[in-house]
Amino acid sequence: MGGQVSTEGVHVVVVGGGFGGIAAAQDLKYRGFSFTLIDMRDAFHHNPGALRAAVQPDTDRQLVILEGGREVQYSHLILCTGTDGPFPGKFNTVASHKEAVQKYEDFIREVRSRFYCCLLFNLFIYDQETAVVTDAVMLNNSNLRKKEHEKLQEHQGLREELQKITLTPLSPPRRSVQVVLIHSKLGLADPELLPSIRREANQVLLEKGVELVLGQKVSKLSELPLNTMTKNTEVMTDHGETLVTDLIVCCTGLKINSAAYSATFNDSMAENGALKVNDHLQVDGFSNIFAVGDCANVNEPKTAYNAGLHAAVAVANIANSVSGKELTSYQTGNVTMLLAMGHDDGVGQYNGFRLPRWFVAWGKSRDVLVWKSWREMKQKQP
């Protein structure tokens with residue numbers, strides 16, 4: 001227990017306030033350790049990994065030097081810098097809570113502008129298929145989702161009024177927005193998932209009316225307008241296929257975010273930028289520095305769940321090293337992963353066993369586990 005370990009002279013610096021960093025901070029607090037959490041933003045961002053802090057570790061003096069020059073002393077250091085990638089999957093910038101929420105609201109408004117045009121054209125008939133594109137983002141902001149739900153209720157009311165006036169049934173809901181997913185591999189999702197789960201992910205998308213273009217890459221992606229409505233934009237693949245679209249959302253190429261430590265830990269980095277760690281999650285060459293989450297070179301899927309497991313081992317080993325006990329080893333196990341696919345469906349496996357779609361939808365897809373983050377931080381969800 002935390003109270004049985006002497007914490008005198010121990011100050012842990014946690015670089016990164018993502019899932020791994022928050023888990024480490026919570027465990028440190030429970031054990032009574034003094035710690036400093038460094039992050040680019042002033043609030044937790046319920047979004048897998050991102051550039052968490054602009055820092056420069058000084059291992060000789062055991063300091064973390066912030067971008068503005070401030071120095072933070074540490075006895076132990078936990079690096080949780082996560083991965084980097086394009087918006088809206090990642091949001092890697094210095095921003096306040098208000099600015100971050102506004103950024104996502106602006107993006108959703110852009111997407112919904114196309115969505116509501118279709119609703120108006122189809123007598124306010126709700127196109128559930130659009131949820132494939134927007135629900136994963138919308139569920140990160142409960143207030144915004146409430147507004148969207150109220151808007152849909154308003155549209156439903158208008159539809160009922162129109163039906164009373166015309167005295168004839170309106171046409172049933174039909175797909176009015178076509179969604180196309182282009183993927184460079186022939187198989188979807190993480191390759192470490194069971195083949196049956198990956199096939200099931202394919203099936204879910206097809207059932208939702210998503211067109212799949214597999215085994216192809218988008219040509220000149222950097223030249224295309226992203227996350228903004230641009231009518232009749234031509235997208236060409238490396239196989240010569242051309243698609244015409246109004247909106248492009250990029251979800252490619254997450255990379256290990258090594259910007260915060262590459263200069264200091266160059267000799268301890270793997271080719272992909274992750275930090276080499278031993279079984280105790282100690283960075284190669286250092287006994288008091290740990291890597292947690294996506295930036296740790298552990299051969300397993302990069303998930304928030306695994307980041308939390310890493311954090312528990314790292315903090316336990318800080319406590320063990322202070323008290324002179326044997327260090328704990330991190331053991332990779334069978335893959336556990338839940339994939340939300342819209343608010344009403346999903347696929348996944350637990351400890352290597354396939355889960356039914358209804359269970360994934362009930363357990364994760366409804367709110368992508370936002371409640372869990374609120375509960376763990378002992379705050380009330382608005």
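Structure shown above.
What you see is a predicted model, and the numbers here were worked out from it, not measured in a lab.

The rules we used
Residues numbered from 1 in each chain as written. Predicted model: local features only at pLDDT ≥ 70, side-chain atom pairs only at ≥ 80, totals over all residues. Heavy atoms only, no water. Helix = DSSP H or I, 4+ residues; strand = E, 2+ residues; numbered from the N terminus. Buried < 20%, exposed > 50% of the residue type's maximum accessible area, 1.4 Å probe, protein only. Contact = heavy atoms within 4.5 Å. Areas by Shrake-Rupley, 256 points an atom, 1.4 Å probe, with all protein chains shown as cover. Pairing = 2+ DSSP bridges. Axes fitted to C-alpha atoms, helices over the stretch in contact; angles between N-to-C directions. Phe/Tyr/Trp six-rings, centres within 6.5 Å; stacked < 30°, edge-to-face > 60°. Salt bridge = Lys/Arg side-chain N within 4 Å of Asp/Glu carboxyl O. Patch = residues over 30% accessible without salt bridge, like charges linked within 9 Å, V, L, I, M, F, W, Y side chains within 5 Å. Core = buried A, V, L, I, M, F, W, Y, C linked by side-chain atoms within 4.5 Å.

Asker: Would you mind showing me how to read the overall build of the protein here?
Answerer: Tallying secondary structure elements over the protein gives eight helices and 16 strands in all. For the protein, the residues scored as buried account for 44% of the 382 residues in total. Across the protein, contacts joining residues at least 24 apart in sequence account for 58% of those joining residues at least 6 apart. Within the structure as shown, the protein displays about 20100 Å² of accessible surface, and the carbon and sulfur contribution to it stands at 53%.

Asker: How do you make sense of the sheet that holds strand β1 (residues 11-15) when you look at a structure like this?
Answerer: Pairing between the strands of a sheet comes from backbone hydrogen bonds, and it takes one of two forms, parallel or antiparallel. What the four strands build is an open sheet, ordered β2-β1-β6-β13; its pairing is parallel. Strands at the two margins of the open sheet, each flanked by one partner only, are β2 (34-38) and β13 (289-291). Adjacent strand axes in the sheet meet at a mean angle of 15° when their direction is disregarded. As paired elements, β1 and β2 share five bridges and run parallel to each other. Its bridge partner being in β2, V15 is matched across the sheet by I38.

Asker: Looking at this model, I keep getting lost on the packing of aromatic side chains. Mind explaining?
Answerer: How two aromatic rings sit relative to each other is given by the distance of their centres and the angle of their planes. Per the stated rule, a full pass over the model turns up four aromatic pairs. Relative to F265, the ring of Y261 has its centre 6.5 Å away and its plane inclined at 70°; by these criteria the two rings are edge-to-face. With respect to burial, Y261 and F265 carry one shared label: buried. Considering the side-chain rings of F359 and W362, the 5.7 Å spacing of their centres and the 50° angle between planes classify their relative orientation as tilted. Taken together, the residues F359 and W362, both in helix α7 (residues 357-365) and three residues apart, mark about one turn of the helix. Through pairs of rings, three or more aromatic residues link up here, namely Y261, F265 and F286.

Asker: Looking at this structure, how should I read the pattern of salt bridges?
Answerer: Working definition: two side chains of opposite charge can pair if their charged atoms are close together. Taken as a whole and judged by the stated rule, the model has eight salt bridges. Put simply, D27 and R31 hold a salt bridge, and the shortest N to O gap is 3.2 Å. Linking D27 with R31, this pair stays in helix α1 (residues 19-31), spanning four residues, or about one helical turn. Two residues, D246 and K231, come together in a salt bridge whose shortest N-O distance is 3.5 Å. One end of the pair, D246, is in the loop between β11 (242-245) and β12 (255-256); the other, K231, is in the loop between β9 (211-214) and β10 (233-236), and 15 residues separate them in sequence. What emerges from the salt-bridge pattern is a single network uniting D58, R61 and E71.

Asker: Explain a nonpolar patch on the surface to me, please; I cannot follow it from the model alone.
Answerer: Taken together, the side chains of Y305, L309 and Y350 define a hydrophobic patch exposed on the protein surface, amounting to about 310 Å² of accessible area. You can see Y305 is positioned in helix α6 (residues 304-323).

Asker: What is the right way to read the nonpolar core from this model?
Answerer: Residues V13, L77, I78, L79, Y261, F265 and L275 are the most contacted members of the largest nonpolar core, which totals 40 residues. Put simply, the parts of the chain that give this core at least two residues each are β1, α1, β4 (63-66), β6 (76-79), β13 and α6. Top contributing element to this core by residue count: α6, with six residues. Among all residues touching I78, those that are not within four sequence positions of it are V12, V13, V14, V15, A24, L28, F290, V292, V315 and I318. In terms of nonpolar packing, the next biggest core, distinct from the first, is built from 13 residues, L188, I197, L205 and L212 among them.

Asker: Whenever I open this one, the pairing of β6 confuses me. Can you help?
Answerer: Going residue by residue along β6, you find H76 and I78 tucked away on one face and L77 and L79 tucked away on the opposite face as well. Note: β1 against β6, four bridges, orientation parallel. Its bridge partner being in β6, V15 is matched across the sheet by L79. Direction of pairing for β6 relative to β13: parallel, over a ladder of three bridges. Residue pairing in the sheet places L77 in a bridge with I289 of β13.

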